[in-house]
Amino acid sequence: MENMLPKVKTIRVMLQNMGDQQDAVFRMAFKMHNTTNYEMVTPESVEQPDMVLVDTDSEEGMQNWQALKQKYTDIPVVMFSTGEPKERTPYLAKPIKFDTLFPILRSLAQGGHIYEVPEYMPSEDGAEPGSNGVRKTTIRRFNPQRGLLGALKAASQGHQDVAVLHNGKPVLIVFPSIQRVLLTVSAGELEKFSKDDKLQVVCKAVPDNPQWKEKAKVTIMSCLWQMAIWTAQGRLAYPMTPQTVFTLKRWPNLTRLAPVPESMRLSAFLTKTSVNLNILYKVMPLEMPDILNYLAATSATGFLATDDQFGSDGQADAAVAANMNVSSNVPDDQMAKDAQKAVSPSAEQPRGLLQRLMRKLFGTK
Amino acid sequence: MKENKIIFTGPVGVGKTTAITALSDEPPVQTDASASDMTLVRKGYTTVAMDYGVICLDEEIKVHLYGTPGQERFNFMWEILSKGSMGLVLLLDNTRTNPLKDLKFFLDAFQELLKTAPLVVGVTKMDIRSLPGVDVYQKYLTQHNFNVPVFEIDARREDDVKQLVSAMLFSIDPGLEV
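Note that this is a predicted model, so its numbers are computed, not measured.

## Quick word on helix α4 (residues 99-109) of chain B
Along α4(B), the positions that sit buried rather than exposed are B:P99, B:D102, B:L103, B:F106 and B:L107. The buried residues of α4(B) occupy one face: seen down the axis, they fall within an arc of 130°.

Have a look at this one:
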């Protein structure tokens, strides 16, 4: 599967109201980054931007941001400023931090990293909120039992070889006995189909065919993992909720699965402890779409264990459609304490050294 | 107190020297010699003392990478070498007769270190022989109370080796800011 997947994605970014220095910093960062291809575009470019970053620290910049929001209604028009926004908006804080810039840009491109204006939330001891570091976000859910992902999952659990058809044409042929899948469409089409929540698919048993099996090189595991990420698009897998408690049964084979940002960190954390989404959001400074894509992938592939109290109900469609709130403002119970302990520095191993080693490994050698 | 060192271990020919070479800032010091015993069946040259590589964080702070000699008659060195290590990278060769037996052997050999240091397991040559699968190793490890990363790797691929080491670092501290 790895060979079929597009390696480098292009995100076109338009910078507005930036000074020369900010402009140069972004250009240099984009040049150095090679996981995603960031391309600068201008208002005169033929290519349309995927995202607009507007420096709103000046009056002119703020006015321009308002105007650009009207012009570009279907892409993120991001506020780039030193102060926190006074309204709900995609937001990138100044100054740029290189270690978080690209996760944030990726999240922004997927419609995430929306700044929510904090609400007044009195704490139990009556202290004023505001500077207590509470993070809140709204998430959506998807039904992993539907569409192409649901069909693959169902077919992989049976014993019969099954073709998954869309509009009468095969998309996948699943061979549970050898744990392989034959892809009959391109990776691009598979991604497009996976992202379509309303895709109509039909599963049809097929006779044993050694030639097809011979051609089936992709493992069911890697296919489920990748399709779960494409399907999730930064959403939570139904019937999980922000209160569902989860843990990782074992580590996924991360060197041979499609990359998910922060999957290494999340795997290390979730094999040590059980949490719910609110607590995870509190103790780990990660982007919510990255967390939810990881949960979707580990859930689809059976690595994630969840508590049983949230069975699917008869109102699935309505329940999936409802937005849910995630807040880091959680009670200081045992689960939260254990989670906090799991992300605290080791007494024996200074965090500074480990961080420098990690940066050295993944920076320039 | 931990020392700034990481131990690479595993059977003869699994790729320990190659893995250390992939990470080291300087050409690793190797103490290879022509193999004169059963090792010859698997590779012409083998490490008879140890491999040594280094990752320099600055002029003073270095992380040392030690590769244990593959041959069992040098086992006496392992305990001395591994004392105080940040973690253990165990490489297993899937083409060997009984790689699960190898896993058991190395878990026993490093049991003292593994009481205090994290373990990560890289399985090599799965492209040549796909079984046992990663899940089989994980099942065995879970039965022995190790819920640790087991990754398929190619020791010649720098990125695979780095992923393995990053899993080890996050296992020590999932809250690392990187």
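## Things to note about the environment of A:D161
All names here are of chain A. Following the sequence through the fold, D161 ends up in the loop between α4 (147-156) and β9 (162-166). In sequence terms D161 and E87 are 74 residues apart; their C-alpha atoms lie 53 Å from each other. Excluding residues within four positions of it along the chain, D161 makes contact with V174, F175, P176, S177, K204, A205, V206, D208 and K213.

## Section: the sheet that holds strand β1 (residues 9-16) of chain A
All names here are of chain A. If you walk across this open sheet you meet the 6 strands as β2-β1-β3-β4-β5-β6, and the pairing is mixed. Each of the sheet's edge strands pairs with one partner strand only, and the pair in question is β2 (36-41) and β6 (114-115). The sheet contact formed by β1 and strand β3 (residues 51-55) spans 4 bridges and is parallel. Considered in β3, the bridge of L15 is made with L53. Against the sheet, helix α1 (residues 20-32) engages β1, β2, β3, β4 (77-81) and β5 (89-93), with an angle of about 150° to β2. Contacts between helix α2 (residues 59-71) and the sheet are confined to β1, β3, β4 and β5, with β4 contributing the most and set at about 165° to the helix.

## As for the packing of aromatic side chains
Scanning the model with the defined rule gives 6 aromatic pairs over all chains in all. Taken together, a centroid distance of 5.9 Å and an interplanar angle of 55° make the contact between A:F26 and A:F30 tilted. Of this pair, A:F26 and A:F30 both sit in helix α1, 4 residues apart, which is roughly one turn of that helix. The class for A:F26 is buried, based on a relative accessible area of 0%. When its relative accessible area of 6% is taken as the criterion, A:F30 is described as buried. Ring centres of A:W251 and B:F151 lie 6.0 Å apart, and the angle between their planes is 65°; this geometry places the pair in the edge-to-face category. Of this pair, A:W251 sits in the loop between β15 (246-248) and α8 (263-270) while B:F151 sits in strand β8 (residues 150-152), which puts the two residues in different chains. A:W251 sits in the buried class, given a relative accessible area of 1%. When its relative accessible area of 0% is taken as the criterion, B:F151 is described as buried. Feature note: the residues A:F26, A:F30, A:Y38 and A:F80 constitute an aromatic cluster, connected by ring pairs. The ring of A:F80 carries A:K94 above its face, with NZ or CZ at 5.3 Å from the centroid.

## A few points about the pattern of salt bridges
Inspection of the entire model under this criterion finds 23 salt bridges over all chains. Of the charged contacts in the structure, one is a salt bridge between A:K195 and A:E191, with a shortest N-O distance of 2.9 Å. Of this pair, A:K195 and A:E191 both sit in helix α5 (residues 187-195), 4 residues apart, roughly one helical turn. A:D197 is the partner of A:R235 in a salt bridge, and the nearest nitrogen-oxygen pair spans 2.6 Å. Here A:D197 lies in the loop between α5 and β12 (202-205) and A:R235 lies in the loop between α7 (220-232) and β14 (236-237), a separation of 38 residues in the sequence. When its relative accessible area of 6% is taken as the criterion, A:R235 is described as buried. Bridged by salt links that share partners, the residues A:R256, B:E152, B:R157 and B:D160 form one connected network.

## Topic: the interface of chain A and chain B
Taken residue by residue, the interface counts 36 residues in chain A and 45 residues in chain B. The interface formed by chain A and chain B includes 5 salt bridges. Here A:K360 ties to B:D25 by a salt bridge, and the two come within 3.1 Å at their closest N and O atoms. Taken together, the links from chain A to chain B amount to 15 residue pairs in polar contact (both at pLDDT 80 or more). Listed by contribution, the elements that provide at least two residues to the side of chain A that touches chain B are α8 and α13 (351-362) of chain A.

Scoring rules and cut-offs
Residues numbered from 1 in each chain as written. Chains lettered and ligands numbered in written order. Predicted model: local features only at pLDDT ≥ 70, side-chain atom pairs only at ≥ 80, totals over all residues. Heavy atoms only, no water. Buried < 20%, exposed > 50% of the residue type's maximum accessible area, 1.4 Å probe, protein only. Helix = DSSP H or I, 4+ residues; strand = E, 2+ residues; numbered from the N terminus. Arc of directions from axis to C-beta. Contact = heavy atoms within 4.5 Å. Pairing = 2+ DSSP bridges. Axes fitted to C-alpha atoms, helices over the stretch in contact; angles between N-to-C directions. Phe/Tyr/Trp six-rings, centres within 6.5 Å; stacked < 30°, edge-to-face > 60°. Lys NZ or Arg CZ within 6 Å of the ring centre and 35° of its normal. Salt bridge = Lys/Arg side-chain N within 4 Å of Asp/Glu carboxyl O. Polar contact = N/O pair within 3.5 Å; in protein donor to acceptor, adjacent residues only side chain to side chain.

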